[in-house]
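# Descriptive analysis of the structure
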Amino acid sequence: MSSPTPYCTIAVASTFSPRFVQVLAEAKRIQQRFSCELQLIYVGEKSDETTAKFREVLGQLSLPLDSTIHYRQHDDPAAGILDALVERKIDMIVAGALEKQVVLHQFLGNVARRLVREAACSVMLFTRPEIEPKPLRKIVFVAEYSDHARAALQKTFQLASAEESERLHVIRVITSFDQARASLQAEEGDKVKTDDDEEIELEKFVLSAGDTKVPIEARCIRGNTGFAAADFVQSIEADLLVVPVEPSSDQSLPSNIAWITDIIPCNLWLIR
């Protein structure tokens, strides 16, 4: 299993928007789940007014009044946050997610989108943060077969256990592109995986991550695009979508999950 404390420092992207207190409350919950330090990042000038506001909010949530606050002067809020994450070696950033909601789709705000695309650390976004955080009862983990994804699943076990989640769904998305590629491999004489083969491989991956008391349901989902994952998340009314992303020099997202830079079906945890 992974370390009992996979994160040393979690930071909150701090603004004095109407939902700032709620986002900070959600961050406090996550900080407690991972037994790590909670810090704040504020893009703006440090003044008596901002200091007083932070003391008021920290006191309201029973957080230490001397909590570390990183002030950044920058014309671009997202760039200021991204710079602070690197400079302060933050392990995960927590922020609000939504800019607007249209019909059934929730669109990421500009800052949240930049964090998903460019942050060098893990990112957790909350679509509807609350001062009294709702339990994360149903969690969906998008599986990739790699050591990084296995470690990410172990982190998910830890959070799901602490939340006493009702169920953890581990899914493997198989797109039309994946199926077309398999057909080409068959023409070249390679063995094509059957549905049973895919299910067995996914089950082996889940078992390789170790034990958890949280009930797990593993299944392969087929769809034309990676949006099949979003459809599944909405169909079961999941509370959290977990996506492992291999760290890379350009922080690009795999094509099958690139859609999360625009639309988010529920709270999102991007594990880098």
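For the structure given in this document, a descriptive report is provided here. Keep in mind the model is a prediction, meaning the values are calculated, not measured. (Residues numbered from 1 in each chain as written. Predicted model: local features only at pLDDT ≥ 70, side-chain atom pairs only at ≥ 80, totals over all residues. Heavy atoms only, no water.)

## Quick look at the environment of Ile221
Within the secondary structure layout, Ile221 lies in strand 10 (residues 216–223). Separated by 49 residues in sequence, Ile221 and Arg172 have C-alpha atoms that sit 6.0 Å apart. Apart from the residues lying within four places of it in its own chain, the contact partners of Ile221 are Ile171, Arg172, Val173, Ile174, Ala228 and Phe232. (Helix = DSSP H or I, 4+ residues; strand = E, 2+ residues; numbered from the N terminus. Contact = heavy atoms within 4.5 Å.)

## Observations concerning the pattern of salt bridges
In this structure the tally under the stated criterion is 12 salt bridges. With a closest N to O distance of 2.5 Å, Glu118 and Arg114 form a salt bridge. Pair noted here: Glu118 and Arg114 are both in helix 4 (residues 110–118), with a separation of 4 residues, about one helical turn. Arg114 gets classed as partly exposed once you look at its relative accessible area, which sits at 24%. Linked through salt bridges whose partners overlap, the residues forming this network are Glu26, Arg29, Arg33 and Glu163. (Salt bridge = Lys/Arg side-chain N within 4 Å of Asp/Glu carboxyl O. Buried < 20%, exposed > 50% of the residue type's maximum accessible area, 1.4 Å probe, protein only.)

## Concerning the packing of aromatic side chains
Going through the model one piece at a time under the given rule, you end up with 9 aromatic pairs. When the ring of Tyr7 is compared with that of Phe34, the centres are 5.2 Å apart and the planes differ by 85°; the resulting orientation is edge-to-face. Of the two residues, Tyr7 is situated in the segment before strand 1 (9–14) and Phe34 in helix 1 (residues 20–34); the sequence distance between them amounts to 27 residues. Like Tyr7, the residue Phe34 is buried in the burial classification. Between Phe54 and Tyr71 the ring centres are 6.2 Å apart and the planes differ by 80°, which places this aromatic pair in the edge-to-face class. Of this pair, Phe54 sits in helix 2 (residues 48–60) while Tyr71 sits in strand 3 (residues 69–72), placing them 17 residues apart in sequence. A residue is classified by how much of its surface remains accessible, and Phe54, at 2% relative accessible area, is buried. On the accessibility criterion, Tyr71 (23% relative accessible area) is partly exposed. (Phe/Tyr/Trp six-rings, centres within 6.5 Å; stacked < 30°, edge-to-face > 60°.)

Purely geometric numbers; function is a separate question.
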